[in-house]
Structure formats: structure tokens, C-alpha cells
Amino acid sequence: MTFTKDQIVQLEKLVEEANDITLITHANPDADTVGSALALHNVLVQMGKKAQVVCPNPIPDFIQWMHNIDTVIVHDREGRKVQRLVENADLIFAMDFNAPHRTSNIEKSMMETKAKKVLIDHHLFPDEDYFDLMFSFPKKSSTSELLFDILRASNYKKYINKEIATNIFVGLMTDTGSFAYNCNQPETFETAAELIRYGVEVKKTHDLIYNNNSIDRIRALGYSISERLRVFPKQNAAYISLSAEDLTRYGNGEGLTEGIVNYALSIQGICFAALLTEKGDKIKISFRSKGTYDVNAFARKYFEGGGHHNAAGGKSFLSLEKTEQKLEELITNLEIPC
Ligand SMILES: [Mn+2]
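Here the structure is a predicted model, which means the values were calculated and not measured.

Examining the coordination of the manganese ion
Taken together, the protein donors to the manganese ion comprise Asp32 (OD), Asp96 (OD), His122 (NE2) and Asp175 (OD), at separations of 2.1 to 2.4 Å. Taking the relative accessible area as the measure of exposure, aspartate 32 reaches 0% and is therefore buried.

So, in C-alpha cells, the structure goes:
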């Protein structure tokens with residue numbers, strides 16, 4: 001399944017008619033949402049459009065080097081400005097999320113704006129009533145890969161340059177865990193090959209993402225595994241739980257706990273993993289699975305979240321301890337094939 005020529009024509013028309021364009025990322029932005037937004041932003045600016053990327057909350061440290069990252073406006077820091085940019089835009093793009101509520105503090109402005117609304121995303125169940133035009137392809141590895149397909153199929157192909165290709169590559173690489181999952185199809189690797197033709201430096205880009213950890217992050221990882229990991233061998237499950245105090249001890253930087261859940265999942269015989277982090281009045285939860293167990297359904301049913309089959313997020317407004325209890329009770333009753 002791919003998009004139609006008609007969708008591309010509609011997209012080009014919406015862009016042509018718009019002067020003020022705002023590109024929105026999801027809350028707790030990752031490299032796919034930011035990379036795809038910045039890549040499309042680059043194209044729009046080259047076309048002479050007034051375009052702006054906005055984020056609900058700060059961008060994690062590990063992607064702070066991305067091209068044009070310093071142009072992004074963050075709602076947590078400049079709320080009024082983001083509100084104006086969303087509400088007064090002619091056209092908004094939702095990059096890498098399926099419904100306004102995924103933007104937390106930008107949701108209200110998204111509901112009030114008169115702008116035309118375009119979705120470019122690979123999450124299941126997009127909010128069809130909200131968007132005027134949707135590029136929704138859950139089979140795609142990443143929104144970045146989907147965007148690259150769209151650019152190449154449109155009049156925007158001529159604007160693709162090394163910076164755009166690199167930002168897209170970062171989204172693709174990180175959403176597939178360095179080409180390890182969500183990429184069991186030749187097209188994803190063909191996309192990567194094409195991005196390299198546009199000048200992407202693979203080793204350098206990989207090092208900037210994966211070999212660029214702060215000391216705090218590495219120490220937090222060690223602590224999480226040695227002190228905060230609980231394993232349920234019978235249920236093929238494991239989880240890590242970090243209190244606000246734990247996070248503060250390691251500086252609580254943006255992206256401090258990024259990827260830590262994958263270490264729980266990497267244990268032999270573990271096919272369900274979760275990471276709980278205490279953030280203000282809520283507990284943020286990341287879920288991962290290997291194989292057939294659907295953590296998207298699990299997160300939706302029990303923790304007000306969702307995402308993908310093997311990777312999802314959720315939240316809880318119980319205390320950390322109560323959330324741990326709830327999760328453990330669920331785990332104990334789960335049948336997780338491995
Ligand atoms: Mn994504």
C-alpha cells in the first residue's frame with residue numbers, strides 16, 4: 001500500500017495556497033518526529049514559504065546536533081508563540097503522530113486553528129475526522145521514510161539535499177533501532193541506499209546518535225540495570241522503574257532514559273519489557289515486546305497510551321509504587337508468548 005498520485009497533487013495544492021505553515025511534532029519528541037519535521041521544513045523554506053517547526057516539550061540532547069535544530073520553538077519555553085504559530089497558520093503538518101492529543105500542550109491550539117491539516121505518520125488509527133489530507137502508513141518503518149517517499153514522488157524532489165537526507169536518515173535509523181526492527185522489507189534498505197546517494201555519512205551519523213552518551217546517561221543505565229530491574233522469568237517479562245529521585249541523581253537531562261527499556265527486552269527469554277519513570281504528577285511508561293505480543297493494545301487498554309505492535313507508550317496517575325503494583329498484577333496474569 002502506498003499513497004496515490006492524487007494525494008500528492010492535493011498536498012502540492014495545499015502547500016501552494018499556504019503562506020504560513022507550521023510543522024508540529026509529538027510530545028516527548030524523538031528523532032523521527034523532529035527529523036521528518038525539519039526535513040520538510042527545509043523543503044518549504046527553499047520554496048520561499050514561511051515555515052516553522054514547533055515541539056510541545058524540549059528536544060533530547062542526542063539529536064541537538066541535527067540540521068536547523070536551533071530554529072525549533074518549544075511550547076514549554078515559548079507557549080504563547082507556539083500557540084500563535086499553530087492558530088494563525090494556513091496549513092499545519094502533524095509529523096509522526098496520529099491525533100491532536102499526542103501533542104499534549106499544543107492540542108488546544110490544534111483544535112482551535114482554522115488551518116488546513118495534513119497528517120504524515122506511521123501510527124495506527126489516525127484521527128480521520130481531524131485531518132484534511134492524510135498520509136497514514138503504519139507499515140512504514142518511520143515517518144521519515146514515508147516523507148522521503150512523498151518528496152521523491154512530488155515536485156519537491158529537486159529540493160532534497162544532504163541536510164534533508166541526513167535528518168531523514170536519523171529518523172529512519174532510530175525508529176528501526178539501527179535497522180534491527182520495523183524494517184523487514186527491502187524498501188527500507190533501498191531508501192537508506194538512496195539517502196546515502198544524497199550524501200549521508202553513515203558512520204558519522206551513527207556515532208552522533210549512538211556513541212554520544214553523557215556520563216550521566218551511562219551511569220543511569222548501569223544503575224537501572226543493577227538496581228531497578230525486576231524480572232518475571234515465568235511470564236517472560238521484565239521492567240525497570242525509576243523514581244523522580246533516581247532521575248534527579250543523574251541530572252534528569254532530556255533523553256536521559258531513552259532506550260533503557262531495550263536493555264530489559266534484550267534479556268534472554270524476555271519478550272515484554274517496560275520502563276516506568278516518575279515525571280511530576282504522573283508515571284510515564286514505555287513498553288516493548290519481541291514477536292507477537294501486542295504492546296500497543298496493552299498500553300491502550302491499561303495505561304491510556306498506544307503506539308506500535310512492538311513499541312508503545314502509556315501513562316499512569318497513580319503513585320510509582322501503585323503503578324508498579326498494577327503492572328506486576330497484569331504481568332502475573334499475562335500470557336506472553338516468547
Ligand atoms: Mn516514528
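Looking at the state of the cysteines
The final tally for this structure, using the stated rule, is one disulfide. The disulfide partner of cysteine 271 is cysteine 338, and the gap between their sulfur atoms is 1.9 Å. Handedness of the cysteine 271-cysteine 338 disulfide follows from its S-S torsion of about 80 degrees: it is right-handed. Of this pair, cysteine 271 sits in the loop between α11 (261–265) and β9 (272–279) while cysteine 338 sits in the segment after α13 (320–333), and the two are 67 residues apart along the sequence. In this structure cysteine 183 is not part of a disulfide, and its nearest cysteine sulfur, from cysteine 271, lies 18 Å away.

Thoughts on unusual backbone geometry
Even without glycine at this site, serine 178 takes up a positive phi of about 60 degrees. With respect to the element layout, serine 178 can be found in the loop between α6 (162–175) and α7 (186–197). Overall, serine 178 belongs to the partly exposed group, its relative accessible area being 27%. With phi around 60 degrees, asparagine 236 is a residue other than glycine that occupies positive phi space.

Some details on the packing of aromatic side chains
Within the structure shown, the criterion is met by 16 aromatic pairs. Ring centres of phenylalanine 272 and tyrosine 293 lie 5.8 Å apart, and the angle between their planes is 75 degrees; this geometry places the pair in the edge-to-face category. You can see phenylalanine 272 sitting in strand β9 and its partner tyrosine 293 sitting in the loop between β10 (282–289) and α12 (295–302), a full 21 residues away along the chain. Each member of the pair, phenylalanine 272 as well as tyrosine 293, is classed as buried. Between phenylalanine 272 and phenylalanine 298, the aromatic rings sit 5.2 Å apart at their centres with planes inclined by 75 degrees, giving edge-to-face as the arrangement. Here phenylalanine 298 lies in helix α12 and phenylalanine 272 lies in strand β9, a separation of 26 residues in the sequence. For the pair phenylalanine 272 and phenylalanine 298, one class covers both residues: buried. By the ring-pair criterion, three or more aromatic residues cluster together here, those being Phe272, Phe287, Tyr293, Phe298, Tyr302 and Phe303. One cation-aromatic arrangement involves lysine 117 over tyrosine 130; the distance from NZ or CZ to the ring centre is 5.3 Å. The cationic tip of lysine 326 hangs over the ring face of phenylalanine 303; the distance from NZ or CZ to the ring centre is 4.4 Å.

Focus: the domain arrangement of the protein
By domain assignment, the protein separates into domain 1 (5–209) and domain 2 (215–333). Computed from C-alpha coordinates alone, the two centres of domain 1 and domain 2 are separated by 27 Å. Counting from both sides, the interface comprises eleven residues of domain 1 and, opposite them, ten residues of domain 2. Buried area between domain 1 and domain 2, both sides added, is near 920 Å², and the carbon and sulfur share of it is 51%. Sorting the residues of domain 1 by area buried against domain 2 places Arg102, Leu124 and Phe125 first, and these three jointly supply 32% of that buried surface. Linking domain 1 to domain 2 there are zero salt bridges. For the pair domain 1 and domain 2, the interface holds one residue pair in polar contact (both at pLDDT 80 or more). When its residues are assigned to classes, the side of domain 1 that touches domain 2 shows six nonpolar, three polar and two charged.

Let's talk about α12
Among the residues of α12, those classed as buried are Val295, Asn296, Phe298 and Ala299. Considered in projection along α12, the buried side chains sweep an arc of 165 degrees and stay on one side of the axis. Where α12 is buried, its residues meet β9, β10, β11 (306–307), β12 (311–316) and α13. For α12, the side-chain oxygen to backbone nitrogen distance between the N-cap and asparagine 296 is 3.0 Å, and the N-cap itself is aspartate 294. A positive phi of about 50 degrees marks glutamate 304, the residue just after α12.

Here is what the cut-offs are and how they apply
Residues numbered from 1 in each chain as written. Predicted model: local features only at pLDDT ≥ 70, side-chain atom pairs only at ≥ 80, totals over all residues. Heavy atoms only, no water. Donors = N, O, S within 2.8 Å, 3.2 Å for Na, K, Ca; no water. Buried < 20%, exposed > 50% of the residue type's maximum accessible area, 1.4 Å probe, protein only. Disulfide = S-S within 2.5 Å. Helix = DSSP H or I, 4+ residues; strand = E, 2+ residues; numbered from the N terminus. Phe/Tyr/Trp six-rings, centres within 6.5 Å; stacked < 30°, edge-to-face > 60°. Lys NZ or Arg CZ within 6 Å of the ring centre and 35° of its normal. Domains from an automatic or database assignment. Contact = heavy atoms within 4.5 Å. Buried area = accessible area lost by both parts, 1.4 Å probe. Salt bridge = Lys/Arg side-chain N within 4 Å of Asp/Glu carboxyl O. Polar contact = N/O pair within 3.5 Å; in protein donor to acceptor, adjacent residues only side chain to side chain. Nonpolar A, V, L, I, M, F, W, Y, C, P; charged D, E, K, R; others polar. Arc of directions from axis to C-beta.

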